[in-house]
Amino acid sequence: VLLVGTHGDDPSVCRQTVLKDLESHCEEKAYTNLICDSVIVDNTTSGKDPSIKRIRENVKKFSKPAEAPLSWVLFRKAFADSLKKRDVNVVTVKEVEEIAH
């Protein structure tokens, strides 16, 4: 999770205070351990704000392309087709095994 505060260009707002408030709001939430970074951005600088660079770096770090074996792709298609044909949203393990074979 990346916390992003906006309006960093507002002179009446102290970035550090807003950042502290944002972080303290999330302190005891269930997702606290998932927060990797928090930034305040200036939306008026067309991406020149250093915080935008930090956001980009974080996104790149966590968005590495995933490869799926062809067999998994084919299984997903067969599975989706099977669900659609039967108009169901839940299946048993046995049904999944049948679809896989």
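Not measured: the values here are computed from a predicted model.

**Looking at the overall build of the protein**
Within the protein one finds 4 helices and 2 strands. What you see in the protein, going N to C, is helices and strands ordered as β-α-β-α-α-α. Computed over the C-alpha atoms, the radius of gyration of the protein is 22 Å, more than 25% above the 13 Å expected from 2.2 N^0.38 for a compact globule of 101 residues. Dimensions along the principal axes, computed over C-alpha positions, put the protein at roughly 60 × 30 × 25 Å. Long-range pairs, those at least 24 residues apart, make up 51% of the contacts in the protein with a sequence separation of at least 6. Here the protein displays about 8200 Å² of accessible surface, and carbon together with sulfur accounts for 56% of that area. Distance from the positive charge centre (16 side chains) to the negative charge centre (16 side chains) of the protein: 6 Å.

**Examining the confidence of the model for the protein**
Per-residue confidence for the protein gives a mean pLDDT of 85; residues scoring 70 or more make up 98%. Ranking the helices and strands of the protein by mean pLDDT puts strand 2 (residues 37-40) first, with 90, and helix 4 (residues 93-100) last, with 84.

**Quick look at unusual backbone geometry**
A positive phi angle is found at His7, which is not glycine, with a value near 65°. Topologically, His7 is positioned in the loop between strand 1 (2-5) and helix 1 (15-25). Given a relative accessible area of 53%, His7 falls into the exposed group. Unlike most non-glycine residues, Asp87 shows phi in positive territory, near 55°.

**A few points about a nonpolar patch on the surface**
Together, Val1, Tyr31 and Leu34 make up a nonpolar patch on the protein surface, roughly 270 Å² of accessible area in all. Mapped onto the fold, Val1 is located in the segment before strand 1. By relative accessible area, Val1 is classed as partly exposed at 48%.

**A word on the pattern of salt bridges**
Going through the model one piece at a time under the given rule, you end up with 4 salt bridges. Put simply, Asp49 and Arg15 hold a salt bridge, and the shortest N to O gap is 2.7 Å. Pair noted here: Asp49 is in the loop between strand 2 and helix 2 (50-62) and Arg15 is in helix 1, with a separation of 34 residues, a long-range link. The exposure class of Arg15 is partly exposed, given its relative accessible area of 28%. With its nearest N and O atoms 2.5 Å apart, the salt bridge here joins Arg54 to Asp37. With Arg54 in helix 2 and Asp37 in strand 2, this pair connects stretches of sequence that are 17 residues apart. Given the relative accessible area of 36%, Arg54 is considered partly exposed.

Analysis parameters
- Residues numbered from 1 in each chain as written.
- Predicted model: local features only at pLDDT ≥ 70, side-chain atom pairs only at ≥ 80, totals over all residues.
- Heavy atoms only, no water.
- Helix = DSSP H or I, 4+ residues; strand = E, 2+ residues; numbered from the N terminus.
- Rg over C-alpha atoms; globule rule 2.2 N^0.38 Å.
- Contact = heavy atoms within 4.5 Å.
- Areas by Shrake-Rupley, 256 points an atom, 1.4 Å probe, with all protein chains shown as cover.
- Lys, Arg positive; Asp, Glu negative; His and termini not counted.
- Charge placed at Lys NZ, Arg CZ, Asp CG, Glu CD.
- pLDDT = per-residue confidence, 0-100.
- Buried < 20%, exposed > 50% of the residue type's maximum accessible area, 1.4 Å probe, protein only.
- Patch = residues over 30% accessible without salt bridge, like charges linked within 9 Å, V, L, I, M, F, W, Y side chains within 5 Å.
- Salt bridge = Lys/Arg side-chain N within 4 Å of Asp/Glu carboxyl O.

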